[in-house]
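Architecture and fold: a report
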Amino acid sequence: MLLQRLQDFEKTTDYIRPDISLQNLAKKLDTNTKYLSEIINKHKQKNFNTYINELRINYITDKLKENTVYRNYQIKYLAEESGFSTHSAFAAAFKAVNGLSPAHYIQLLNHKEE
C-alpha cells in the first residue's frame, strides 16, 4: 500500500518543494519515517535524499528537453525551480543522474537540434 502511495507521490511535483523531508513525506503518506525509509531503501535501492534528488533532476531534465526556454535560464534558476537550495547541490545531483554537468547537458541538447 505504501509503495502505491509513493508512486502516486511521484506523479505529483510535491518533491520539488524545498521543504520536503522524510518527516513531511511520512506524515503525508500516513506512515512513520523508519518504515518509509526502509521501503525506499528496499524498493528504490537508494536512500531518501538520493530518491528525492533523482525525482527533482528527472523533473528538470524533462523540462529542458520539452521546453527550449528552460535552456536559456541560469543554472541557479534551474536549481531553484527543481527544489534545490544551492547551485552546487543541484550541479552535483544533476551530474550523478545524467553523467554531465547541467551546462554541458544543455549544450548537447541545443547542438542536437541544430
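Structure shown above.
The model shown is predicted, which means the values in this text are computed figures rather than measured ones.

1. Examining the pattern of salt bridges
- Counted under the stated rule, the structure contains five salt bridges.
- A salt bridge links Asp-14 to Lys-28; its shortest N-O distance comes to 2.9 Å. With Asp-14 in the loop between α1 (2-11) and α2 (22-28) and Lys-28 in helix α2, this residue pair connects regions lying 14 residues apart in the sequence.
- Where Asp-19 meets Arg-17, a salt bridge forms, and the shortest distance between an N and an O atom there is 2.9 Å.

2. Quick look at α1
- Taken together, the buried positions of α1 are occupied by Leu-2, Leu-6 and Phe-9. Projected onto a plane normal to the axis of α1, the buried residues spread over an arc of 55° and lie on a single side.
- Buried-residue contacts for α1 involve α2, α3 (33-44) and α4 (48-66).

3. Focus on the nonpolar core
- Leu-6, Phe-9, Leu-36 and Phe-90 are the most contacted members of the largest nonpolar core, which totals 32 residues.
- Of all the secondary structure elements, the ones that give two or more residues to this core are α1, α2, α3, α4, α5 (75-81), α6 (87-98) and α7 (102-112).
- Looking at this core element by element, the count peaks at eight residues for α4.
- Each residue touching Phe-90, except ones within four places of it in the same chain, is listed here: Ile-57, Ile-60, Ile-75, Leu-78, Ala-79, Ser-82, Phe-84 and Pro-102.

4. Quick notes on the packing of α1 against α4
- Between α1 and α4, the least distance of the axes is 11 Å, while the angle of their chain directions is 35°. Facing Leu-6, Phe-9 and Glu-10 of α1, the residues of α4 in contact are Tyr-51, Ile-52 and Leu-55.
- The class makeup of the residues in the contact of α1 with α4 is five nonpolar, no polar and one charged.

5. What about the environment of Arg-17?
- Its location among the elements puts Arg-17 in the loop between α1 and α2.
- Each C-alpha atom, one on Arg-17 and one on Ser-82, is 7.8 Å from the other, the two residues being 65 residues apart in sequence.

6. Examining the environment of Glu-80
- Tracing the chain through its elements places Glu-80 in helix α5.
- Judged by relative accessible area, Glu-80 falls into the partly exposed class, the value being 46%.
- In the structure, Glu-80 is positioned 61 residues away from Asp-19 in sequence and 12 Å away in space, judged by C-alpha atoms.

7. Observations regarding the packing of aromatic side chains
- Per the counting criterion, the structure on display carries seven aromatic pairs.
- Measuring from ring centre to ring centre gives 4.6 Å for Tyr-73 and Tyr-77, while their planes differ by 65°; the resulting arrangement is edge-to-face.
- Plain terms: the ring middles of Phe-90 and Phe-94 are 5.7 Å apart, the flat faces sit at 50° to each other, and that makes the pair tilted. Of this pair, Phe-90 and Phe-94 both sit in helix α6, four residues apart, which is roughly one turn of that helix. Phe-94 matches Phe-90 in its accessibility class, with the two residues each being buried.
- Ring-pair connections join several aromatic residues into one group, and the members of that group are Phe-84, Phe-90, Phe-94 and Tyr-105.
- Between the NZ or CZ atom of Arg-56 and the centre of the ring of Phe-84, over which it lies, the distance is 5.4 Å.

Analysis parameters
Counting starts from 1 at the beginning of each chain's written sequence and moves along it residue by residue. The predicted nature of this model means local features are confined to residues of pLDDT at least 70 and side-chain atom pairs, given and counted, to a pLDDT of 80 or more, with totals for whole chains, interfaces and linings taken over all residues. Remark: hydrogens and water are excluded; side-chain values derive from all non-hydrogen atoms of the structure. Basic side-chain nitrogens of Lys or Arg form a salt bridge, by our definition, when they fall within 4 Å of a carboxyl oxygen of Asp or Glu. A run of H or I in DSSP becomes a helix once it reaches four residues, and a run of E becomes a strand once it reaches two; helices and strands are each numbered from the N terminus. Think of it in three bands: with a 1.4 Å probe and only protein chains considered, a residue is buried below 20% of the maximum accessible area for its type, exposed above 50%, and partly exposed in between. The arc in question is formed by the directions pointing from the helix axis toward the C-beta atoms. Whether two residues touch is decided by their heavy atoms; if any such pair falls within 4.5 Å, the residues are in contact. Among buried residues, the Ala, Val, Leu, Ile, Met, Phe, Trp, Tyr and Cys ones that are joined through side-chain atoms within 4.5 Å form a nonpolar core. Lines are fitted to the C-alpha atoms to define the axes, a helix being fitted only along its stretch in contact, and any angle between axes, read from their N-to-C directions, falls within 0 to 180 degrees. Under the scheme applied, nonpolar residues are Ala, Val, Leu, Ile, Met, Phe, Trp, Tyr, Cys and Pro; charged residues are Asp, Glu, Lys and Arg; polar residues are all the others, including Gly. Each pair of aromatic rings taken from Phe, Tyr and Trp, with Trp reduced to its six-membered ring, is defined by centres within 6.5 Å and is described as stacked if the planes are under 30 degrees apart, edge-to-face if over 60, and tilted in the remaining cases. Lysine NZ or arginine CZ positioned within 6 Å of the ring centre and within 35 degrees of the ring normal marks a charge as sitting over the ring.

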